[in-house]
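# Summary of the model geometry
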Amino acid sequence: MQPKQSIVHLPVYQPGKPIEEVKRELGLKEVIKLASNENPFGSSEHAKAAIQNELNNISLYPDGGSVDLTNDLAAYLGVTPKQIIFGAGSDEVILMLARAYLTPGDETIMADETFPQYKHNCEIEGATIIEVPLNDGTHDLTAMLAKVTDRTKIIWVCNPNNPTGTIVRKAELEAFIRQVPSNVLVVLDEAYFEYVLDAEYPDGITLLPEFKNVIVLRTFSKVYGLASLRIGYGVGHEDVIRSINQVREPFNTSRFGQAAAKASLADTQFLDNCRARNAEGIAYMNEEFDRLGLNYFEAHGNFIMVDAKLPSQQVFDGLLRKGIISRARWSYYPTHIRITVGSREQNEAFIRALEEVLQEAAVLG
Ligand SMILES: Cc1ncc(COP(=O)(O)O)c(C=O)c1O
């Protein structure tokens, strides 16, 4: 038996070690995971109550079209229900986009470094991946535009970008989209949209009336704190959404995911609180990095990429021994680690641990 050629070289996804295992192995009482950009403040109480309500229905398939949630979200975003598609996380929307639009020989353009699932799914479909290096941690839209050919099908713009946390601003993004041929799909991944406070940050949804070839991806995994329920969505022109719906599994989101997302959407207080506390966390971390003399990218999501001036694996291992799980090993950024903004206590524990790691390695005096 021979699997398809486009997957034979792909690594199997290696999940991070569970917290309990790290504790046992390293003899630690407490371990703080700041590796996956999860919400340190949990999720809305309304979402938990909605899940309780669904407990009696778990023997029934979910509503395959997520009709109730779609209607609420459409009203919230000011779009029509036909412009929305839900996925098992925005991860699945990325997968469905690649599946619906790409065949071998097609080209797709993305930043290097950016969210790895674009490349992964496009490779599976046999597309040719064109990676364009970031410019000072930010998408180089001019260089990306220069890579467009008549074989280009999809351009991915991650805004804020994971892992760097940087944004492209409104005027630049609009000028870029205006120059992209109208038969090329531009995917604006706004997984961290709700966290961004910069006045020049573009809301991709406002571009949809003018640009049929734009699709915006968002998720309930981040500021809404529903990562385990796997629910995210795409918003675009109804023809694009229809094409993605053609490859969607019939019951791709769960009853719990739909119910919790609906309840979370209505809990603006929870969202505002998380957004404000995240901003405080970023300000604190920035101050501390300045104190330690470390450079970092301007963070707009709920994570920060900082240059620890040591091989990132060494910093990762040092932090792990002190009970902090971070992210490391980006080929373009060999001395950077990415850290999720946690609660005040978690952020303080991280900074203490980082300072010790740097002192032990004699980076700091
Ligand atoms: C930029 C970006 N897009 C998409 C996702 C996927 O999120 P989910 O599948 O949980 O919606 C993530 C998760 O970390 C992300 O960072």
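Residues numbered from 1 in each chain as written. Predicted model: local features only at pLDDT ≥ 70, side-chain atom pairs only at ≥ 80, totals over all residues. Heavy atoms only, no water.

Condition: UniProt positions are given in the numbering used here, feature names are shortened, and annotations may be inferred rather than shown by experiment.
Per an unreviewed UniProt entry, the protein chain carries the name Histidinol-phosphate aminotransferase and comes from Paenibacillus albus. What UniProt records for the protein chain under Pathway (unreviewed entry) is the sentence "Amino-acid biosynthesis; L-histidine biosynthesis; L-histidine from 5-phospho-alpha-D-ribose 1-diphosphate: step 7/9." Recorded in UniProt for the protein chain, the comment headed Cofactor (unreviewed entry) runs: "pyridoxal 5'-phosphate".

### What to know about empty space enclosed by the protein
The condition that has to hold: Buried and open spaces are told apart on a 1 Å grid over the protein atoms alone, a cavity being a set of points where a 1.4 Å probe fits but cannot get out and a pocket being an open set with protein on both sides within 12 Å along at least five of seven lines. Residues with an atom within 4 Å of a point are the lining residues. Grid points are joined across faces, edges and corners, and a volume is the space filled by probe spheres set on the points.
Under the definition given, this model contains one cavity of 30 Å³ or more. Each pocket or cavity is described by its volume, and for the largest cavity that value is around 30 Å³. The wall of the largest cavity is formed by Asn 39, Pro 40, Phe 41, Tyr 195, Cys 274, Asn 278, Val 341 and Gly 342.

### Some details on the sheet that holds strand β7 (residues 214-219)
Definition in use: A pair of strands counts as paired when DSSP detects no fewer than two bridges linking them. Only runs of H or I of at least four residues qualify as helices and only runs of E of at least two qualify as strands under DSSP, and these elements are numbered from the N terminus. Angles here are taken between N-to-C directions and fall from 0 to 180 degrees, while the axes themselves are lines fitted to C-alpha atoms, restricted in helices to the stretch in contact. Every residue pair with non-hydrogen atoms within 4.5 Å of one another is taken to be in contact.
Judged by pairing direction, the sheet is mixed, and its seven strands sit side by side in the order β2-β8-β7-β6-β5-β3-β4 without closing on themselves. On the outer flanks of this sheet lie β2 (84-87) and β4 (128-133), each paired with one strand and no other. Pairwise comparison of adjacent strand axes, ignoring direction, gives a mean angle of 20° for this sheet. As paired elements, strand β3 (residues 107-112) and β4 share six bridges and run parallel to each other. Of the residues in β4, the one forming a bridge with Ala 111 is Val 132. Contacts between helix α3 (residues 67-77) and the sheet are confined to β2, β7 and β8 (232-236), with β2 contributing the most and set at about 125° to the helix.

### Some points on the side chain of Glu 107
The criterion, for reference: Burial classification: accessible surface area is computed with a 1.4 Å probe over protein chains only, and a residue below 20% of its type maximum counts as buried, one above 50% as exposed, and the rest as partly exposed. None of His or the chain ends enter the tally, which takes Lys and Arg as positive and Asp and Glu as negative. Every case where a carboxyl oxygen of Asp or Glu lies within 4 Å of a side-chain nitrogen of Lys or Arg is listed as a salt bridge.
Structurally, Glu 107 is set in strand β3. We note that Glu 107 is buried and unpaired, the nearest opposite charge coming from Arg 151 at a distance of 4.4 Å. For Glu 107, the contacting residues outside a window of four places in its chain are Thr 128, Ile 130, Lys 147, Thr 149, Arg 151, Thr 152, Lys 153 and Ile 154.

### Some remarks on the domain arrangement of the protein chain
Quick note on the threshold: All domain edges in this entry derive from an automatic or database-based domain assignment. Two parts placed together each lose some accessible area under a 1.4 Å probe, and adding up what both lose gives the buried area. Throughout this description, a polar contact denotes any pair of N or O atoms lying within 3.5 Å of each other; where both atoms belong to protein, one of them has to be capable of donating a hydrogen while the other can accept it, and for residues adjacent in sequence the pair is counted only when both atoms sit in side chains.
Domain assignment breaks the protein chain into domain 1 (5-42 + 269-360) and domain 2 (45-266). Look at where the C-alpha atoms of domain 1 and domain 2 centre, and you get two points 24 Å apart. At the junction of the two partners, domain 1 supplies 27 residues and domain 2 supplies 29 residues. In total, domain 1 and domain 2 occlude about 2400 Å² of area from one another, counting both sides; carbon and sulfur atoms represent 59% of this. For the interface between domain 1 and domain 2, the tally reads one salt bridge. Measuring nitrogen to oxygen at the nearest pair gives 3.1 Å for the salt bridge that ties Arg 169 to Glu 298. Between the two partners, domain 1 and domain 2, sit 12 residue pairs in polar contact (both at pLDDT 80 or more).

### Regarding unusual backbone geometry
The linkage connecting Asp 112 with the following residue, Glu 113, adopts the cis geometry, with an omega of 15°. In this structure, Glu 113 sits in the loop between β3 and α5 (116-124). We note that Asp 136 has phi near 50°; this positive angle belongs to a residue other than glycine. Along the chain, Asp 136 turns up in the loop between β4 and α6 (141-146). Although it is not a glycine, Arg 230 adopts a positive phi angle of roughly 55°. Locating Arg 230 in the fold gives a position in the loop between β7 and β8. Overall, the relative accessible area of 31% leaves Arg 230 in the partly exposed class.

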